[in-house]
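Survey of secondary and tertiary structure
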Amino acid sequence: MKLAKLIGCSCLLIVTTMVSAQGPPIFTDTPIMLGVQGRGVRTFGNIISKENANAYAQVLVVPYNITSKWQVAAVVPYVSISPNVGDSQSGFGDLKFFTKYQLYKKDGKGKTLRGLIKLTETFPTGNTSNSPPLGTDAYQTTLSLVNGYVTTKYGIYGEVGYNLAGSGLPDNLIYNIAFGYPLLPQKYPPNQLNVFLELNGNYVFDNVGNNLFLSPGIQYIAGRKLLFESGIQIPLAEAAPANQQTNYILRIGARLLIF
Amino acid sequence: MKKLFILLFIGLSALTVNAQNDDAQLQGTVKVEVDGLACPYCAYGLEKNLKKVEGVETIKIDVENGLAILTIAEGKSVDEKTIRKNIEDAGFTPKAITKKSDG
């Protein structure tokens, strides 16, 4: 099984590096707070398949640029969990607010190198009185650094963050890296087809372990104001106990520029 | 010492020229080099900010070459400083601004 995953991952890597795409990554954050990343709303559905349950999360992200360097945003998740044994639960999950501030920007012709600091606060708004719980029942604070180098030919994005979890939950280190390539010529108004290959990791302290996903994705930008995207997260390493592990997470989403 | 004065003079002259360029009034079709224009989806804010400039009639964004081509309405002129500021406010870096016929 592991060999098959490895072969599959290698093929995806080869395919995505052979083609020549870039837009905002699907799972990794971007330091570019422009276009749909700063003036629009984002929504996506996560279909989560686990060994002991299936879940669906519909997430709405509403960012607002106070200046071109400073952004605030709210993240509202609606969660539905169907365990293999027991009743299903649905409702709003933990609400998040984040703020991003651009630390540096080095622009060149057809390229930009940018970095920002991001502070995320999670509020325990998800109902935890029933099983399975819809939230973590903990206030959490995450401080991240997000960097990216984007050219008209490709984009490389990196994110590292430390999550301080409350209520006795273990802290964790978040690490993401993404590569993106455009399949169509770059023009404006955009008509872009982009492919991505991402590695999304989460190391949980207190001897819990490491979670690592390989996440290929595809994105279509239709004109000035609309973007569609989809990606799948395939687990390469998991800290969850046997029979609670993740099979895959499929994300389907859209971003709409409104401001 | 003489060299120092010459360098100081050249430096001040360059500053003066820059100041004059920033105050230049633009007419006709204008080519603006925009650094950091690396992705078409990012360019919406640039287009929107340039549209706010009074006198700018049309805007064409050329992502491949990092350019914004502006047409100034006939009989009107636009302050170069305003163009530069609106590009910076959009999150990009303005470079050379020339009349399109200049190349």
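Residues numbered from 1 in each chain as written. Chains lettered and ligands numbered in written order. Predicted model: local features only at pLDDT ≥ 70, side-chain atom pairs only at ≥ 80, totals over all residues.

**Quick look at the overall build of chain A**
- Regarding its fold elements, chain A presents two helices and 13 strands.
- In terms of C-alpha radius of gyration, chain A reaches 18 Å, essentially the compact-globule figure of 18 Å for 259 residues.
- When its C-alpha atoms are laid out on the principal axes, chain A stretches across 55 × 45 × 30 Å.
- In chain A, which comprises 259 residues, the share counted as buried stands at 32%. (Helix = DSSP H or I, 4+ residues; strand = E, 2+ residues; numbered from the N terminus. Rg over C-alpha atoms; globule rule 2.2 N^0.38 Å. Buried ≥ 20, exposed ≤ 12 C-beta atoms within 10 Å, placed from the backbone.)

**With respect to the overall build of chain B**
- Across its full length, chain B holds three helices and six strands.
- Going residue by residue from the N terminus, the α and β elements of chain B occur as α-β-β-α-β-β-β-α-β.
- Looking at the 103 residues of chain B, the share that counts as buried comes to 31%.

**Overview of the pairing of strand S10 (residues 191-204) of chain A**
Residues and elements named next belong to chain A.
- Examined bridge by bridge, strand S9 (residues 172-182) and S10 share eleven bridges and lie antiparallel to one another. When the bridges of S10 are listed, proline 182 appears paired with asparagine 194.
- The sheet contact formed by S10 and strand S11 (residues 209-222) spans 14 bridges and is antiparallel. Within S11, the residue paired with leucine 199 across the bridge is leucine 214.
- Counting the residues between successive antiparallel strands, the hairpin from S10 to S11 contains four residues, one of them, aspartate 206, with a positive phi of roughly 60 degrees. (Pairing = 2+ DSSP bridges.)

**Things to note about the sheet that holds strand S6 (residues 93-99) of chain B**
Residues and elements named next belong to chain B.
- Read from one edge of the open sheet, four strands run S3-S4-S2-S6, paired in antiparallel fashion. Both edges of this open sheet fall to strand S3 (56-62) and S6, since each of them pairs with a single strand only. Within this sheet the neighbouring strands show an average axis-to-axis angle of 20 degrees, counted without direction.
- Here strand S2 (residues 29-35) pairs with strand S4 (residues 67-72) via five bridges, running antiparallel. Residue pairing across strands places valine 30 opposite leucine 70, the latter belonging to S4. (Axes fitted to C-alpha atoms, helices over the stretch in contact; angles between N-to-C directions.)

**Observations concerning the interface of chain A and chain B**
- With 27 residues of chain A at the interface, the matching set in chain B holds 20 residues.
- In the side of chain A that touches chain B, the residues fall into ten nonpolar, eleven polar and six charged. (Contact = placed C-beta atoms within 7 Å. Nonpolar A, V, L, I, M, F, W, Y, C, P; charged D, E, K, R; others polar.)

**Re the nonpolar core**
- Counting residues in hydrophobic clusters, the biggest one holds 32 residues, and the most contacted among them are B:Val32, B:Val34, B:Cys42, B:Ala43, B:Leu46 and B:Ala68.
- Not counting chain neighbours up to four residues away, the residues in contact with B:Ala43 comprise A:Gly35, A:Tyr188, B:Leu37, B:Ile61 and B:Val63.
- Within the second largest apolar cluster, eight residues are counted, among which are A:Phe27, A:Phe179, A:Val195 and A:Phe196. (Core = buried A, V, L, I, M, F, W, Y, C linked by C-beta atoms within 7 Å.)

**So, the confidence of the model for chain A**
- In this model, chain A carries an average pLDDT of 90, and 91% of its residues clear a pLDDT of 70 or more.
- Long-range and interchain partners of residues 1-21 of chain A, a stretch whose pLDDT sits below 50, account for 23 contacts in this model, where long-range means more than four residues apart. (pLDDT = per-residue confidence, 0-100.)

**Structural notes on helix H3 (residues 80-89) of chain B**
Residues and elements named next belong to chain B.
- Among the residues making up H3, those that are buried are Ile83, Asn86 and Ile87. Take H3 and look down its axis: the buried residues cluster within an arc of 100 degrees, on one side only.
- Residues of H3 that are buried in the fold lie against strand S1 (25-26), S2, helix H2 (44-51), strand S5 (78-79) and S6.
- One or two steps after H3, the chain reaches glycine 91, where phi turns positive at roughly 100 degrees. (Arc of directions from axis to C-beta.)

**Here we look at unusual backbone geometry**
Residues and elements named next belong to chain A.
- The omega angle of the peptide bond from serine 131 to proline 132 is -5 degrees, so this bond is cis rather than trans.
- Checked against the element boundaries, proline 132 lands in the loop between strand S6 (111-123) and strand S7 (140-151).
- The omega torsion across tyrosine 188 and proline 189 is 0 degrees, close enough to zero to call that bond cis.
- Within the fold, proline 189 resides in the loop between S9 and S10.
- Positive phi outside glycine occurs at aspartate 137, with the angle close to 60 degrees.
- Take aspartate 137: it is sitting in the loop between S6 and S7.
- Even without a glycine there, the phi angle at serine 167 is positive, about 55 degrees.
- Here serine 167 lies in the loop between strand S8 (155-165) and S9.

**Comments concerning the packing of H2(B) against H3(B)**
All names here are of chain B.
- It is the contact of H2 with H3, at a shortest axis distance of 8 Å, that shows an interaxial angle of 150 degrees. Note on packing geometry: the crossing formed by H2 with H3 is right-handed. Between H2, through Leu46, Asn49 and Leu50, and H3, the contact on the second element is made entirely by Asn86, Ile87 and Asp89.
- Residues belonging to the contact of H2 with H3 are distributed by class as follows: three nonpolar, two polar and one charged. (Left-handed = near helix turned anticlockwise from the far one by under 90°.)

**Structural notes on the environment of B:Tyr44**
- Its place among the elements puts B:Tyr44 in helix H2.
- You can call B:Tyr44 buried: it has 25 C-beta atoms within 10 Å.
- As for B:Tyr44 and B:Ile61, which are separated by 17 residues in sequence, their C-alpha atoms are 9.4 Å apart.
- Discounting residues that sit within four places of it in the chain, B:Tyr44 has contacts with A:Gly35, A:Arg39, A:Arg224 and A:Leu257.

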